[in-house]
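Chain by chain, the residues run as shown.
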Amino acid sequence: MLYERHEVRRARYAVAAVFAVHGAVTGSFATRVPWIQDHASVSAGQLGLALAFPALGASLAMPLAGSVSHRFGARTALRGLISLWTLSLVLPALAPNLPTLCLALFVYGATAGMADVAMNALGVEVENRLGRSIMSGLHGMWSAGALIGAAGGTLAAHLGSDARLHHVLAAATLTVLGVAACRWVLDLRPTEDEEPPPRFALPPRSALLIGAIGFCAVFAEGASLDWSAVYLRDELGTSDGLAAASTTGFMLTMAVARLVGDAVVNRFGAVRTVRAGGVLAVLGGVLIVVAEHPATAMTGFALLGLGIAVVVPLCFAAAGRSGPNPSQAIAGVATITYTSGLVAPSAIGTLAQATSLVVSFGLVTVLAGGLAGFAGVLRNGDKDRPKVSPPSAAVPDRRP
């Protein structure tokens, strides 16, 4: 019993490290997009088109992750998928033109999505065995990894480093770290009578309502990340530096909230936490819409980030408990949320062009209200999470 408890705790730290590695790839890529744009000789509009391909690749590939995990086992599958994801970081910087850049970003997104599903499924399994919430902290580790990757990319850009060299070194380092961390994740394998999931399947019905909550949160996240700086600059007349600080503040708020969010969830449960977060997000949206001073809008974006921070981790946790096939349900929720991330930036821009950015963030505020109104769909996660649990009691051990 003591050995198994130690094994589960070790698996928790291992999967947290994988989350950080996954985030670091994203941060490393995001900071070198200007270099990649210049290298591929694409316009701003062409770059916008290319940047839709990661979400497209992820949405199409995510449903395959359950089949991969079933065939190879969770540990081997995650080791392979996280390696593909870290190594795919090299591809965009090598693209010499728009078609190859779109292809590279499609592969980049597809590997990201499958690794995302595999690591979240293992995170849910560890959470179940521990009997307390850890998913918010895991996603906080992803945010921390993204910030570290972004810091490294900022330094490389400041030094004028070629992104091809930077990304080769980053990919090699992150691959080693990711593979090493996978050594201690749970080695889950299907039972002999467990049927394999379909190679490709639409999201199960149990994932649709949960995914809808995630859709609202990710829409607000995508809108804020891509448009907060523009909002402060164009609507409130701030400097570029202050506008950029608003985006950084939003990211930091989300990262900190996720790292401490598990304590809140363990105390109050998923439903009440998301409802309270929805209220904070609505308050933040209202401050953004009515702001006449940059400080008011920046406070609004900070509250919005605080309110939505733990929603997606809790959606993944609830999906993992919503049916007999956690990987398939998590893939379904992930597909819906990635779709939201795909449509949010363009939807905000289209609505802003027809009306204004103020109206666009009015829509974000309305969607944030959906978090408070529909948080009850996450009740299954609260109900099924054991209050006191020896590690072996939370979920049957599926290892041979």
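Sequence positions are assigned chain by chain, starting from 1 and proceeding in written order. Given that this is a predicted model, residues contribute local features only at a pLDDT of at least 70 and side-chain atom pairs are listed and counted only at 80 or more, while totals for whole chains, interfaces and linings are drawn from all residues. For the side-chain quantities, the full set of heavy atoms in the structure was used; hydrogens and water were omitted.

1. A closer look at the overall build of the protein chain
Thinking step 1. Only DSSP runs of H or I covering at least 4 residues are called helices, and only runs of E covering at least 2 are called strands; the numbering of each starts at the N terminus. The helix and strand inventory of the protein chain stands at 19 helices and zero strands.
Thinking step 2. Any residue under 20% of the maximum accessible area for its type is buried, any over 50% is exposed, and the rest in between are partly exposed; the area is computed with a 1.4 Å probe on protein chains only. Burial analysis of the protein chain (400 residues in total) assigns 54% to the buried set.
Thinking step 3. Note on definitions: a residue-residue contact is assigned when non-hydrogen atoms from the two residues lie within 4.5 Å. When contacts within the protein chain are restricted to residue pairs at least 6 apart in sequence, those whose partners lie at least 24 apart make up 86%.

2. Side note on the environment of G341
Thinking step 1. Note on placement: G341 falls in helix α16 (residues 326-354).
Thinking step 2. On the basis of relative accessible area, G341 is assigned to the partly exposed category, the value being 30%.

3. What to know about helix α12 (residues 240-268)
Thinking step 1. Helix span, expected: 1.5 Å multiplied by one less than the number of residues in the helix. In this model α12 runs 40 Å from its N-terminal to its C-terminal C-alpha over 29 residues, within 8% of the 42 Å that 1.5 Å per residue would give.
Thinking step 2. One fitted axis covers the seven residues ending at a residue, a second covers the seven starting there, and the bend at that residue is the angle between these axes. Along α12, the helix axis deviates most sharply at V260, where the bend reaches about 45°.
Thinking step 3. Every buried residue of α12 is accounted for by A243, S246, T247, F250, M254, A255, A257, R258, G261, D262 and V265.
Thinking step 4. Any pair of N or O atoms that falls within 3.5 Å is considered a polar contact. Within protein, one atom must be able to donate a hydrogen and the other to accept it, and sequence-neighbouring residues count only if both atoms are side-chain atoms. Capping the start of α12, S239 holds a side-chain oxygen 3.2 Å from the backbone nitrogen of L242, two or three residues further along.
Thinking step 5. Phi turns positive one or two residues past the end of α12, at G269, with a value near 90°.

4. Regarding unusual backbone geometry
Thinking step 1. Phi at S41 is positive, roughly 55°, even though this residue is not glycine.
Thinking step 2. Topologically, S41 is positioned in the loop between α2 (33-40) and α3 (44-50).
Thinking step 3. Judged by relative accessible area, S41 falls into the exposed class, the value being 62%.

5. Some thoughts on the confidence of the model for the protein chain
Should pLDDT be low for a region, the predicted coordinates there are not to be read in detail.
Thinking step 1. Here the protein chain averages 86 in pLDDT, while 90% of its residues score no lower than 70.
Thinking step 2. Within a predicted model, pLDDT stands for the predictor's per-residue confidence, ranging from 0 to 100. Note on residues 386-400: pLDDT under 50 across the span, and 37 contacts to partners over four residues away in sequence or across chains.

6. Some thoughts on a nonpolar patch on the surface
Thinking step 1. Residues with no salt bridge and a relative accessible area higher than 30% make up the patches, which join like charges within 9 Å and nonpolar side chains (Val, Leu, Ile, Met, Phe, Trp, Tyr) within 5 Å. Areas reported as accessible are Shrake-Rupley estimates using a 1.4 Å probe. Residue values count occlusion only from the protein chains shown. The term salt bridge refers to a pairing of a side-chain nitrogen on Lys or Arg with a carboxyl oxygen on Asp or Glu at a separation within 4 Å. Together, L91, L94, L103 and V107 make up a nonpolar patch on the protein surface, roughly 330 Å² of accessible area in all.
Thinking step 2. Relative to the assigned elements, V107 resides in helix α8 (residues 98-130).

7. Things to note about helix α6 (residues 74-88)
Thinking step 1. With 15 residues, α6 should reach 21 Å at 1.5 Å per residue; the first-to-last C-alpha distance of 21 Å fits that figure.
Thinking step 2. Taken together, the buried positions of α6 are occupied by A74, A77, L78, L81, I82, S83, W85, T86 and S88.

8. Regarding the nonpolar core
Note that soluble globular proteins tend to have their nonpolar side chains buried in a common cluster.
Thinking step 1. Counting 113 residues, the largest nonpolar core has F361 and L378 as its most contacted members.
Thinking step 2. Counting residues per element, this core draws most heavily on α8, which supplies 17 residues.
Thinking step 3. Setting aside residues up to four positions removed in sequence, F361 forms contacts with A223, S224, W227, Y231, I288, V289 and F301. Nine residue types can take part in a nonpolar core, namely buried Ala, Val, Leu, Ile, Met, Phe, Trp, Tyr and Cys, and a core is a set of them joined through side-chain atoms within 4.5 Å.

9. Describing the packing of aromatic side chains
Thinking step 1. Centre distance within 6.5 Å is the pairing criterion for rings of Phe, Tyr and Trp, where only the six-membered ring of Trp is used; planes under 30 degrees apart are then read as stacked, over 60 as edge-to-face, and the remainder as tilted. Within this structure, the stated rule accounts for six aromatic pairs.
Thinking step 2. Centre to centre, the rings of F29 and Y108 are 4.8 Å apart; their planes meet at 40°, and the pair counts as tilted. Of this pair, F29 sits in helix α1 (residues 2-30) while Y108 is found in helix α8, placing the two residues 79 residues apart along the sequence.
Thinking step 3. Take F29: its relative accessible area is 9%, and that puts it in the buried class.
Thinking step 4. Aromatic pair F301 and F361: ring centres 5.5 Å apart, planes at 90°, arrangement edge-to-face.

10. Re the environment of A352
Thinking step 1. Mapped onto the secondary structure, A352 falls in helix α16.
Thinking step 2. Look at A352 and you get buried, because its relative accessible area is 16%.
Thinking step 3. With residues near it in sequence (within four places) discarded, A352 still touches L357 and S360.

11. A short note on the pattern of salt bridges
Thinking step 1. This structure, assessed with the given rule, holds five salt bridges.
Thinking step 2. The partner of D187 in a salt bridge is R189, with the nearest N and O atoms 3.5 Å apart.
Thinking step 3. By relative accessible area, which is 30% here, R189 ends up partly exposed.
Thinking step 4. Residue R233 is joined to D234 by a salt bridge in which the shortest nitrogen-to-oxygen separation is 2.9 Å.
Thinking step 5. The exposure class assigned to R233 is partly exposed, which follows from its relative accessible area of 39%.

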